[in-house]
Amino acid sequence: MPSPFSRLSPALEPHTQLAEPSFDTKRHVTYWLRCLKTFLPNVYTANDSNRMTFAFFVVSALDLLDCLVPHTTAAEREGYAQWIYHCQHPAGGFRAFPGTDFGDRRSAQNECWDPANLPATYFALATLLVLGDDLERVKRRECLAWLAKLQRPDGGFGETLVNGRIEGGSDTRFGYCATGVRWILRGTVEGPVEGVEDVNVDQFVQCVSLSETYDGGISDAPFHEAHAGFTYCAISALSFVDRLPHGAKTYDQNAREDDRPLAGLSDLHATIRWLASRQTATLDDDDEVDTNGDETDTPSTCHDAHTFVRLRGFPSEQGEQSYKERPTSHLDLQWAGFNGRCNKLADTCYAFWVGASLDVLHKAPIASRPRSRRYLLDRTQHPAGGFAKHPGDPPDIYHSYLGLAALALMREPALKPLDAVMCVSVAARRCVDGLRWRRSIVGEGGGGRGEEGEEGKGEGVTKGTERTEGTEARGGESRPAAPSSAGTTASASDGFAYMAISGG
Ligand SMILES: [Zn+2]
């Protein structure tokens, strides 16, 4: 059997049908159990301060593979939850790792070295949900009060609070984590809850709008280049605060004008077009051919160029016709990945960042799932389990998790359905609705985000053995899955955000 990374033979005839790729469940389970129960390779040493992020990826991956409960004991899972609670900051929020916890020696002089971290807080809460925890031990009021203090005057959120100063980045990664924490702890209820002030939702939505780019994507700051990671974070954050345009919830492009206050995404069609344009046949360096003016200049060989230049005409009539009449032989679209920016190589993680964005906007069918699935399974799925960033690379935790998440969105049979906004299993996300203390805040409606899309309905909760166990432990409610992040001091970057954006 050829290596999964073997190159497409130049002799391959146009439209040759390849064998259906397979998802190697056993090897993925082995990969993630190794991550959970043994030391990580030494290249991860420098990421010790990102352990909460890794905890999320590992625990949630095993949940998506539906093997968390069968391969861990109840005592082990409670031990994981206790480790997370050990990282809870006394003033609210969670640390990204336990290394800054001074314990009894904490003082006014050294507390600046031990701040809570926003991405770590989202990942901690999500991981606890995956583990079946009821979040009763979370310092909710302190956490929400801390969250409000992390919001900058422009509406964006920072990463840490040090001596009353907001530190860290300000892009939509932090907005995603902030709105995710807010949604878990208080749903979409606006205004003070339990005596704690809310964040300024309108200001946040306006901040996101300012990062929209001319071509419909979303960047880290006004007038910067659009990026799929920032775009996903923005769209999901708007979902957390229930401020997506109405058009995002329908396939009807003539939907009525949005009447919500300050709904995000000013040009929904442009955003969808930009996302669709991220699917590309440029999978590695050898695919980076200049097709401008060449007879191979078709939508299949130069996807980005056609869609980028002719934003209002995608797919262009001329391009469509050209493709039909002159299909290329060397770049037949058997595989199609996603990139994060125009004219970049495909990368495993963007199958999630883009696929999930389209899913949240209810436009997933626009992208070709079979070709994306084939790209992931044929080109970046690693023989040892996990996924690589690019074909031929070793697997890493970040790309391995997002490869799973992307396939879960495509309804890979071996995986539990994924909630695109929370990036955990649908079953894990549904557990939020069952939290007793939360229902007293948000009411029986569950606090918004009640729709998971037709694909997720009725699945996940009853699948696998952990449902039975979770039911016993929680009195009839199903449980979910979890996440991660980082940053130890004011200047430390967070894992989720850093890794999300560093991928190209
Ligand atoms: Zn990547």
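In short, a report on the structure. Just so we're clear, the structure is a prediction, and the values are computed from it rather than from any experiment. Position labels on residues start from 1 in each chain and follow its written sequence. Local features are withheld for residues below a pLDDT of 70 in this predicted model, meaning they are given only at 70 or higher, and side-chain atom pairs are given and counted only at 80 or more; totals for whole chains, interfaces and linings count all residues.

**Quick look at the overall build of the chain**
Put simply, the test is: Counting from the N terminus, the helices are DSSP H or I runs at least four residues long and the strands are E runs at least two residues long. We call two residues in contact if the C-beta atoms placed from their backbones are at most 7 Å apart.
Along the backbone of the chain there are 18 helices and six strands. Long-range pairs, those at least 24 residues apart, make up 72% of the contacts in the chain between residues at least 6 apart in sequence.

**Comments concerning helix α3 (residues 74-86)**
This is how it is decided: For a helix, the expected span equals 1.5 Å multiplied by the residue count minus one. Buried, partly exposed and exposed are defined by the number of other C-beta atoms within 10 Å of a residue's own C-beta, namely 20 or more, between the two limits, and 12 or fewer respectively, with C-beta atoms placed from the backbone. The arc refers to the directions leading from the helix axis to the C-beta atoms.
Here α3 contains 13 residues, and its C-alpha end-to-end distance of 18 Å stays within 8% of the 18 Å for a straight helix at 1.5 Å per residue. Buried within α3 we find R77, Y80, A81 and I84. The arc enclosing the buried residues of α3, seen along the axis, measures out at 95°, which places them on a common side. Along α3, exposed side chains directed more than 90 degrees from the buried face belong to A75, Q82 and H86.

**Observations concerning the nonpolar core**
Our working definition: Buried Ala, Val, Leu, Ile, Met, Phe, Trp, Tyr and Cys residues form a nonpolar core when they are connected through C-beta atoms within 7 Å.
Membership of the largest hydrophobic core comes to 123 residues, with the highest contact counts inside it found for M52 and A405. If we skip the residues at most four places from it in the chain, A405 touches F352, L418 and C423.

**Here's the deal with the environment of R436**
Turning to its location among the elements, R436 is positioned in helix α16 (residues 436-442). Separated by 301 residues in the primary sequence, R436 and L135 have C-alpha atoms spaced 9.8 Å apart.

**Let's talk about the environment of F23**
Position of F23 relative to the elements: it lies in the segment before α1 (25-37). C-beta crowding within 10 Å serves as the criterion here: with 17 such atoms nearby, F23 is assigned to the partly exposed category. Sequence-wise, F23 and L376 are 353 residues apart; in three dimensions their C-alpha atoms are separated by 9.3 Å. Sequence-distant contacts of F23, defined by excluding residues within four places in its chain, comprise L377, L407, E412 and A414.

**Comments concerning helix α14 (residues 397-409)**
Compared with an ideal rise of 1.5 Å per residue, which puts 13 residues at 18 Å, α14 spans 18 Å between its outermost C-alpha atoms and is within 8% of the ideal. Of all 13 residues making up α14, 13 are buried, and the element is well covered by its neighbours. Following α14 by one or two positions, R411 has its phi on the positive side, about 65°.

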